[in-house]
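# Coordinate analysis (summary)
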Amino acid sequence: MSSTTYALSGSTAVITFNSPPVNGMSYELRSSILADFDKATADPAVSAIVMIGSEKVFSGGADIKEFGSPKAFAEPNLPTLIGILENSKKPLIAAIGGTCMGGGLELALSAHFRIATATAQIALPEVKLGLLPGAGGTQRLPRLIGVEYATNLIAKGDPVPAGLFQGTPLFDEVVQGDLLVAALAFAEKVVTEKRPLKRVRDTRIKYPNHELFLNWAKTMVKGMAGPFPAPIKCIEAVSAAVTSKSFEEGMKFERDAFAQLMMTSESRALRHLFMAERAASKIADIPDDTPTRKIERVGVIGAGTMGGGIAMNFLNAGIAVTILEMKQEALDKGIGIIRKNYEGTLKKGKLTQDKFDKRMGLLTGTLDYANLASCDLVIEAVFEDMGVKQQVFSKLDEVCKPGCILASNTSTLDLNKVAEFTKRPEDVVGLHFFSPANVMKLLEIVRGAKTSKEVMATVMQIGKKIKKICVVSGVCDGFIGNRMVDHYGRMAGSLLDEGATPWQVDKALEKFGMVMGIFRMSDLAGGDIGWHIRKRRYIEAPEVKYSGFADKLCELGRFGQKTGKGYYLYQEGRRDAIPDPEVEKMLEDYRKEKGIVPRKISDEEIVERCIFALINEGARIVEEGIAARASDIDMVYLTGYGFPMHRGGPMLYADEVGLYTVARRMQSFADATGDKFWEPAKLIVERAAAGKQLTGK
Ligand code: NAD
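With omega at 5°, the peptide bond leading from Pro20 into Pro21 counts as cis. Tracing the backbone through its elements, the reader meets Pro21 in the loop between strand S2 (12-17) and helix H1 (27-42). Pro436 follows Ser435 through a cis peptide bond whose omega is -5°. Mapped onto the fold, Pro436 is located in the loop between strand S16 (428-433) and strand S17 (442-446). With a phi close to 50°, Asn23 is a non-glycine residue in the positive phi region. A positive phi is found at Lys467, a non-glycine position, where the angle reads about 65°. With respect to the element layout, Lys467 can be found in the loop between helix H15 (453-465) and strand S18 (469-473).

Dropping the structure here:
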């Protein structure tokens, strides 16, 4: 089937893009457009040509299926196609409705004329993938909307409504009603009035103070761009549009800059993240058309730290929530916190009074399990204790209607055991939110041995509805994220034993790009949480080695921010972590007690050991099938644990370092320490030997 349809309406040829879902600029669509264009050019009966997409989308830009494949550059590639269209001898009109992004907008700039609906959304979002528009966007757009607007659009990448550019040369008309009817009428006008056919490239940019503005923009963007080179390159490309002696010279700048950016690890990381997010939404054995259940009322058990945040997710999405506690006091406190959170947003002007009322109106508190009978999904967020989970799930099994999905927010406990507390393990699933649950994007969806496909499809759908990034995990201690963090923490703990201080470890990791060092993170989450988990693991997995230092702090009640002391000191009402000489002294005593002679440890060693610990455990998780793919590990770490975005996650980072090098380093650590911890995962060894990557096929 052709990716376009060609039709004649009077003497106007209409090329309609027909390549669902988003008219991505694939090889097929590009070829089809060109074939239709040639046909229209050759037909003497044709006096004008209209290019149009569907009502929802003109074109979403590059075809993501072609990402990284030679097909993306196969002729006619986008710049070639645009070059041919822009030299059309017959009036060429782009009629834009719905989304018009990236390569789609660049294609539209090849036309002599453009009309758009006011609500059409236009964008050049390439910067979000660490790139810049590579088919003339940086050179043509400033010619139509000026340097300031073009810089904004290109360096930020956000969509804006076409109506904003009414009256600029970008759109000859901004129309209401049927776009095709308007386009045909416009074509007729152009022909009858014999309007001159002006190419965008021939338009001169009028902007007297461009240097001043562009320098200012560069300074602004530099601070925001962090390690990413693309936003600055975008501004330089716009600058080239103004200063180049010819259009070709500007195009060469754009082409070279695009090629340079394409090769940067930062762009590779962003493209990886883009693809990883899409990949994570697919479960191999659960087809897209798997039936799902309706979720109209959600129950939440426990109105503590997590329960309140979890409830807010559903309230925000317009779904009714019943929240259950054991005592009125705890219930009032939990609901009070939810109210206070919304009041804060209301005060900042980010929530209307009407929305505030609606959200609070959807929330009901209860102490009685019978009030959960009409819920379609119940999420448990009570204490992390198997006995308590048993009580709750047995009770839920009694009161919840058939078909109700029973979910646990447990961070580490065996979900299969939890499922067996009910007579319907197929309806039990893990929904592991991250704290604060109303803010953090990540949702680990834990698939139990008996969780049904229908339940999985439903929770994936509801996860999307509450705007989470969902990653599926199998059942294991800690699932994907916390199992890896356990390894990372153990490695950081051994660095303290050997001679580092918490602040040295944190600084080194933060310099690497982690949003927060491990010890500051522990102080924020609460040292007692890790302690609770370790105490269970000392019994269940006695072979696992932990530094005993964390326990020493906990025994003194040093749980971090909430107690004013942890690895660091905290002043009342402040979050700054202050290095504590008392901790340093405690560490010295601890080492003496253990007979350890401390040594100087370099920042490089800290980063290598901590990050490689993450990589090794991540690879084991993939190898065991707990995660379906390496990119899922990266999604978890980027969205839930503050791994630096520009490094693309631990798995991509391993590939960037070189898997062979990673495997060799791990083996050398293993040989030096005799510690099984460092034996490289089979997956790493095999892939490295085959010259393959973790994130590649
Ligand atoms: P929390 O102590 O803040 O809240 C637990 C709440 O559950 C309390 O308000 C308590 O009164 C209530 N509760 C206890 N038993 C109950 C019962 N039988 N019926 C009704 N209510 C009951 O704990 P939290 O930090 O919100 O953690 C809850 C769960 O979420 C745990 O399984 C934990 O592992 C998990 N989790 C916590 C975090 C985190 O960062 N805090 C992150 C992810 C997952």
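Because each turn of an α-helix spans 3.6 residues, side chains separated by three or four positions end up pointing in the same direction. Burial in helix H18 (residues 518-525) covers these residues: Ile518, Phe519 and Asp523. Along the axis of H18, the buried residues cluster in a sector spanning 140°; they form a single face. Packing partners of the buried residues in H18 comprise helix H16 (479-498), helix H17 (502-512) and strand S19 (568-569). Once H18 finishes, Gly526 follows within two positions and takes phi at roughly 110°, a positive value.

Another aspect to go through is the pairing of strand S3 (residues 48-52). Across the five residues that make up S3, a large majority, five, are buried. Because side chains alternate across S3, one face comprises the buried residues Ala48, Val50 and Ile52, and the other comprises Ile49 and Met51, equally buried. Pairing geometry for S2 and S3, over five bridges, is parallel. Note on S3: the bridge partner recorded for Ala13 is Ile49. Each parallel crossover has a hand, and the one from S2 via H1 to S3 is right-handed. Relative to strand S5 (residues 92-96), S3 runs parallel, the two sharing four bridges. Note on S5: the bridge partner recorded for Met51 is Ala94.

With that settled, consider the sheet that holds strand S1 (residues 4-9). Sheets are built from strands that pair by backbone hydrogen bonding, the pairs being arranged parallel or antiparallel. Taken together, the six strands give an open sheet; going across it, the order is S1-S2-S3-S5-S7-S10, and neighbouring strands pair in mixed fashion. Whereas interior strands pair on both sides, the edge strands pair on one side only; in this sheet they are S1 and strand S10 (173-175). Strand-to-strand twist across the sheet, computed as the mean angle between neighbouring axes with direction ignored, equals 20°. As defined by bridge partners, strand S7 (residues 113-117) adjoins S10 across three bridges and the pair is classed as parallel. Residue pairing for S10: Thr117 is matched across the bridge by Val175. Here helix H5 (residues 179-192) sits on the sheet in contact with S1, S2, S3, S5, S7 and S10, set at roughly 155° to S7.

For the rest of this paragraph, the subject is the site of the ligand. Residues in contact with the ligand amount to 23 residues; listed here are only the nearest, Met306, Glu325, Glu384, Lys389 and Ser411. Separating an oxygen atom of the ligand from a side-chain N or O atom of Lys389 is a distance of 2.7 Å. In this structure, Asn409 approaches the ligand through a side-chain N or O atom, which is 2.9 Å from an oxygen atom. About the coverage of the ligand: the protein hides 82% of its 830 Å² of free accessible area. Residue assignment for the shell around the ligand shows that the elements contributing at least two residues are helix H10 (305-316), helix H13 (386-399) and S16. The element that contributes the greatest number of residues to the shell around the ligand is H13, accounting for three residues. Of the residues assigned to the shell around the ligand, the class counts are 12 nonpolar, eight polar and three charged.

It is worth spelling out the domain arrangement of the protein chain at this point. For the protein chain, the domain assignment lists domain 1 (4-262), domain 2 (297-473) and domain 3 (481-689). When each unit is reduced to the centre of its C-alpha atoms, the spacing between domain 2 and domain 3 is 30 Å. Counting residues at the interface gives 13 residues for domain 2 and 13 residues for domain 3. When the two sides are added together, the surface that domain 2 and domain 3 hide from each other amounts to roughly 1100 Å², 62% of it contributed by carbon and sulfur. Ranking the residues of domain 2 by area buried against domain 3 places Thr412, Leu442 and Val471 at the top, with a combined share of 35%. Taken together, the links from domain 2 to domain 3 amount to zero salt bridges. For the side of domain 2 that touches domain 3, the secondary structure elements donating two or more residues are S17 and S18. By residue number, the principal contributor to the side of domain 2 that touches domain 3 is S18, which donates four residues.

To continue, consider the packing of aromatic side chains. All chains considered together, the criterion is met by 16 aromatic pairs. Residues Phe213 and Trp216 carry aromatic rings whose centres are separated by 5.8 Å and whose planes lie at 40° to one another, so their mutual orientation is tilted. Of this pair, Phe213 and Trp216 both sit in helix H6 (residues 210-225), three residues apart, which is roughly one turn of that helix. Both rings, one in Tyr637 and one in Tyr641, keep their centres 4.5 Å apart while their planes meet at 15°; by these two values the pair is stacked. Taken together, the ring pairs in this structure connect Phe434, Tyr637 and Tyr641 into an aromatic cluster. Between the NZ or CZ atom of Arg278 and the centre of the ring of Phe274, over which it lies, the distance is 3.7 Å. One cation-aromatic arrangement involves Lys535 over Trp531; the distance from NZ or CZ to the ring centre is 3.7 Å.

Here we take up the pattern of salt bridges. Under the counting rule described, the total for this entry stands at 49 salt bridges. In this structure, the salt-bridge partner of Arg558 is Glu582, at a minimum N-O distance of 3.6 Å. Here Arg558 is found in the loop between helix H20 (549-555) and S19, whereas its partner Glu582 is found in helix H21 (residues 581-594), with 24 residues between them in sequence. Exposure remark for Glu582: the relative accessible area of 44% places this residue in the partly exposed category. If you follow the salt bridges from partner to partner, you end up with Asp477, Asp486, Arg490, Arg536, Arg537 and Glu540 in one network.

Rules behind the numbers
- Residues numbered from 1 in each chain as written.
- Predicted model: local features only at pLDDT ≥ 70, side-chain atom pairs only at ≥ 80, totals over all residues.
- Heavy atoms only, no water.
- Helix = DSSP H or I, 4+ residues; strand = E, 2+ residues; numbered from the N terminus.
- Buried < 20%, exposed > 50% of the residue type's maximum accessible area, 1.4 Å probe, protein only.
- Arc of directions from axis to C-beta.
- Contact = heavy atoms within 4.5 Å.
- Pairing = 2+ DSSP bridges.
- Right-handed = clockwise from strand over helix to strand, strands pointing away.
- Axes fitted to C-alpha atoms, helices over the stretch in contact; angles between N-to-C directions.
- Near = heavy atom within 4 Å.
- Polar contact = N/O pair within 3.5 Å; in protein donor to acceptor, adjacent residues only side chain to side chain.
- Areas by Shrake-Rupley, 256 points an atom, 1.4 Å probe, with all protein chains shown as cover.
- Nonpolar A, V, L, I, M, F, W, Y, C, P; charged D, E, K, R; others polar.
- Domains from an automatic or database assignment.
- Buried area = accessible area lost by both parts, 1.4 Å probe.
- Salt bridge = Lys/Arg side-chain N within 4 Å of Asp/Glu carboxyl O.
- Phe/Tyr/Trp six-rings, centres within 6.5 Å; stacked < 30°, edge-to-face > 60°.
- Lys NZ or Arg CZ within 6 Å of the ring centre and 35° of its normal.

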